[in-house]
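Fold and contact review
Residues per chain, in single letters:
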Amino acid sequence: MARFGNTKVWVPGELLETPFLLGMSLFILFDALTPFLGNSSGASGLNPVNCAELVRTPLFLIVSLVAGRARILFRSPSFLASVCIAASAGVALILLARFVSHSLVASLVIVIGSVGVGAFWCFALLKFSELFTGVSLGCTVATFVFCHFLGSAVASVVVFAQARVLAVVLLAAIPLVLLVWGRRFRGKLCAAADSLPDAESGRLRIPVRPYALMLVTLFVAAIVRSHIPVDLEPATYLGAFLCAAVLTIVMEAKRRSVHPRMLYYLTLFLLMVGLLLFTGSGDVALVAAGGSVNAGYLCFSVLIMALLCNVCRRYAINSYWMFGLLGFIERISYDAGSAAGGLLSLQPDAVRYTVAFACAIVVAVAFVTLLTERDYRTSWGTMKDESQANPVAAYYQTLGDCCSAVSEQYGLTRREEEVLLLLAQRKTLPDIERELYVSNSTARTHCKNIYKKLGVHKREELLVMMGHPSVGERAD
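Position numbers for residues start from 1 in each chain and track the written sequence from start to end. A pLDDT threshold of at least 70 governs which residues receive local features in this predicted model, and a stricter bar of 80 or more applies before side-chain atom pairs are shown or counted, although totals over entire chains, interfaces and linings include all residues. Excluded from the side-chain calculations are hydrogens and water; all other atoms, namely the structure's heavy atoms, are used.

Topic: the overall build of the protein chain
For the protein chain, the helix and strand inventory stands at 22 helices and two strands. Residue burial in the protein chain is summarised as follows: out of 476 residues, 54% are buried. Look at the contacts in the protein chain between residues 6 or more apart in sequence, and 80% of them connect residues 24 or more apart. Throughout, the Shrake-Rupley method with a 1.4 Å probe supplies accessible areas, and for residues the shown protein chains are the sole cover considered. A total of about 20,000 Å² of accessible surface is found on the protein chain, and carbon and sulfur atoms cover 65% of it. To qualify as a helix, a DSSP run of H or I must reach at least 4 residues; to qualify as a strand, a run of E must reach at least 2; elements of each kind are numbered from the N terminus. Buried means the residue's accessible area, taken with a 1.4 Å probe over protein chains only, is under 20% of the maximum for its type, while exposed means over 50%, and partly exposed covers the values in between. Contacts are assigned to residue pairs that have any heavy atoms within 4.5 Å of one another.

What follows is the structure, given as structure tokens:
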């Protein structure tokens, strides 16, 4: 069990050896405080937050299309410094626009500042997602949950205190802090990048189902949030904070990582509650609906990020390709939902009730049909059959399914199946300890039980059994 200060945290110890955990929390805080820039339009009339979103939406798509080259570029220390400095300068320019009387000049200043903020948001999310691909599914979930708890806790205090000056200072300082800290864990980021191949369009296909879930969830959330008055919107942040706090308590009480299945059911429940409250009348009902939807989206974002990180880790997929597409689709679906919510606000209440009921049905059907228990251990449809021409690539791409089949055939437990996967990936005993967060004796016991059930005596025999091509050739 690793420690962060006096708090026990169920995440891999190697992440706590760097400022990574707090760095991820700062990025979440940066995202939560970004709406404070919305009142800095000045004479231009432009909303800086909307401008930053317009910048980062195509950036996600561009990074996904050039994933291999983006990985090399994002490893550059000078590029890291440029993006972080541009973000801090962007916040300063957006604030400066309030004091510019000429509307055209103010608009230009806001656009330039928004480019820096949007680029930093895109860059930071992709870099942190890349590092998450190096740890196990359960540890990814636990880390995301705890970071959301830290980030949303500070954001809730700032929002409810209406400390606008503090929010702006934090927005300008966070990129510079992450720049200093990024130099300390740059080696680990580079190691994570080295372990992933270029995203080759000839052997990858878009994972339709997780992206479809993202579309449905964010579209519904945007419809609900678009009806909340601007002055009451900060109160909805409390939903995300309370959800993150409860999940952190549960994670600590159970002495293990939160299973994705819990987030799946919790997301569905919170979205349904939010849609039910959405049909009520009065500001209290709308605020409660917004808080429930925010909490549901937090659970869903943790779930989808963890599952896609797991896919990248298991099947050696470039995370920039996967998460670049995810970020692009996320912005498109949220903007579409906001537009639909704006049109819906002009309709009678009867129409709103009908739409809420229809959304509830769509959400229920989507979560039942698009996500199954088996998806936690598969490539989620990202691999094309043509990739089988490369025997080593084929081995790693089908390894998750193979381990699931072997586990079912030989009666392995779920934990033993996770150990089997790591053994088949040529992971050492210390690697297994860190990734599954178990002691040395527990890892040895699991390995011994696996060898006994499979009837093998050493790693080479296990790799032959799993079909590793290089080992099989030597055995022949």
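Moving on, there is more to tell.
Description of the nonpolar core
To qualify as a nonpolar core, a set must consist of buried Ala, Val, Leu, Ile, Met, Phe, Trp, Tyr and Cys residues joined through side-chain atoms within 4.5 Å. Counting 112 residues, the largest nonpolar core has Met322 and Phe323 as its most contacted members. Setting aside residues no more than four positions away along its own chain, Phe323 makes contact with Phe60, Leu126, Ser129, Met305, Leu308, Cys309 and Cys312. Residues Leu399, Ala424, Leu436 and Ile450 belong to the second largest nonpolar core, which totals 22 residues.

Describing a nonpolar patch on the surface
A patch is a set of surface residues, each over 30% in relative accessible area and not in a salt bridge, joined within 9 Å for like charges and within 5 Å for the nonpolar side chains Val, Leu, Ile, Met, Phe, Trp and Tyr. Between Lys or Arg on one side and Asp or Glu on the other, a salt bridge is scored when a side-chain nitrogen of the former is within 4 Å of a carboxyl oxygen of the latter. Together, Ile62, Leu65 and Val66 make up a nonpolar patch on the protein surface, roughly 300 Å² of accessible area in all. With respect to the helices and strands, the residue Leu65 is situated in helix 3 (residues 48-65). Judged by its relative accessible area of 68%, Leu65 is exposed.

Considerations on the pattern of salt bridges
On inspection of all chains with the given rule, the structure shows four salt bridges. Across the pair Arg331 and Asp335 runs a salt bridge whose closest N-O atoms are separated by 3.9 Å. Pair noted here: Arg331 and Asp335 are both in helix 14 (residues 319-344), with a separation of four residues, about one helical turn. For Lys453, the salt bridge goes to Glu416, with nearest N and O atoms at 2.9 Å. You can see Lys453 sitting in helix 20 (residues 440-454) and its partner Glu416 sitting in helix 18 (residues 414-424), a full 37 residues away along the chain.

Notes on the packing of helix 10 (residues 208-225) against helix 12 (residues 260-278)
Axis geometry follows a simple rule: fit a line to the C-alpha atoms, using only the stretch in contact for helices, then measure angles between N-to-C directions, giving values from 0 to 180 degrees. Taken N-terminus to C-terminus, the directions of helix 10 and helix 12 make an angle of 30°; their axes are 11 Å apart at the nearest point. Considered as vectors, helix 10 and helix 12 are oriented roughly parallel to each other. In the packing of helix 10 onto helix 12, the handedness of the crossing is left-handed. Side by side, helix 10 and helix 12 meet where Thr217, Val220, Ile223 and Val224 of the first sit next to Leu271, Leu275 and Phe278 of the second. Under the convention adopted here, Pro, Cys and the residues Ala, Val, Leu, Ile, Met, Phe, Trp and Tyr are nonpolar, Asp, Glu, Lys and Arg are charged, and Gly plus all remaining residues are polar. Split by residue class, the contact of helix 10 with helix 12 holds six nonpolar, one polar and no charged. Roughly parallel means an angle under 35 degrees; roughly antiparallel, over 145; roughly perpendicular, 65 to 115; everything else is oblique. Crossing handedness: left-handed means the near helix sits turned counterclockwise from the far one by under a right angle, and right-handed means the same turn made clockwise.

Section: the packing of helix 12 against helix 15 (residues 349-370)
Interaxial distance between helix 12 and helix 15 falls to 9 Å at its minimum, and their mutual angle equals 170°. Of the possible angle classes, the one that applies to helix 12 and helix 15 is roughly antiparallel. From helix 12, Tyr264, Thr267, Leu268, Leu271, Met272, Leu275 and Phe278 reach across to helix 15, where they touch Arg352, Ala356, Cys359, Ala360, Val363, Ala364, Phe367 and Val368. Along the lines of polarity and charge, the residues of the contact of helix 12 with helix 15 split into 13 nonpolar, one polar and one charged.

Quick notes on the environment of Arg205
Inspection of the secondary structure puts Arg205 in the loop between helix 9 (186-194) and helix 10. Residues Arg205 and Thr382, spaced 177 residues apart in sequence, show a C-alpha to C-alpha distance of 4.8 Å.

Considering helix 4 (residues 67-74)
Those residues of helix 4 that sit buried are Ala67, Gly68, Ala70, Arg71 and Phe74. The buried residues of helix 4 all sit within an arc of 165° when viewed along its axis, so they share a single face. Across helix 4 from its buried face, at more than 90 degrees, point the exposed residues Arg69 and Ile72. For this quantity, the arc is that covered by the directions from the helix axis to the C-beta atoms.

Focus: the packing of aromatic side chains
Two aromatic rings from Phe, Tyr or Trp, using only the six-membered ring of Trp, form a pair when their centres are within 6.5 Å; if the ring planes differ by under 30 degrees the pair is stacked, by over 60 it is edge-to-face, and anything between is tilted. Overall, the coordinates contain twelve aromatic pairs when judged by the stated rule. Ring geometry for Phe79 versus Phe123: centroids 5.6 Å apart, planes at 75°, classification edge-to-face. With Phe79 in helix 5 (residues 77-96) and Phe123 in helix 6 (residues 103-132), the pair connects residues that are 44 residues apart, well separated along the chain. Accessibility expressed as a relative area gives 6% for Phe123, which makes it buried. Cluster of aromatic residues (ring-pair linked, three or more members): Phe27, Phe60, Trp121 and Phe128. The criterion for a charge sitting over a ring is simple: Lys NZ or Arg CZ within 6 Å of the ring centre, and within 35 degrees of the ring normal. In this arrangement the basic side chain of Arg56 is found over the ring face of Trp121, its NZ or CZ atom lying 3.8 Å from the centre. Over the face of the ring belonging to Phe278 we find Arg352, whose NZ or CZ atom lies 5.2 Å from the ring centre.

So, the environment of Val363
Position of Val363 relative to the elements: it lies in helix 15. In sequence terms Val363 and Met272 are 91 residues apart; their C-alpha atoms lie 8.2 Å from each other. When near neighbours in sequence (up to four residues on either side) are disregarded, Val363 contacts Val216, Val220, Leu268, Leu271 and Met272.

A short note on the confidence of the model for the protein chain
Summary of the metric used: pLDDT quantifies the predictor's per-residue confidence within the range 0 to 100. Residue-level pLDDT values for the protein chain average 78, and 80% of them are 70 or greater. Note on residues 1-17: pLDDT under 50 across the span, and 49 contacts to partners over four residues away in sequence or across chains. Counting interchain partners and residues more than four positions distant, the pLDDT-below-50 stretch residues 472-476 has three contacts.

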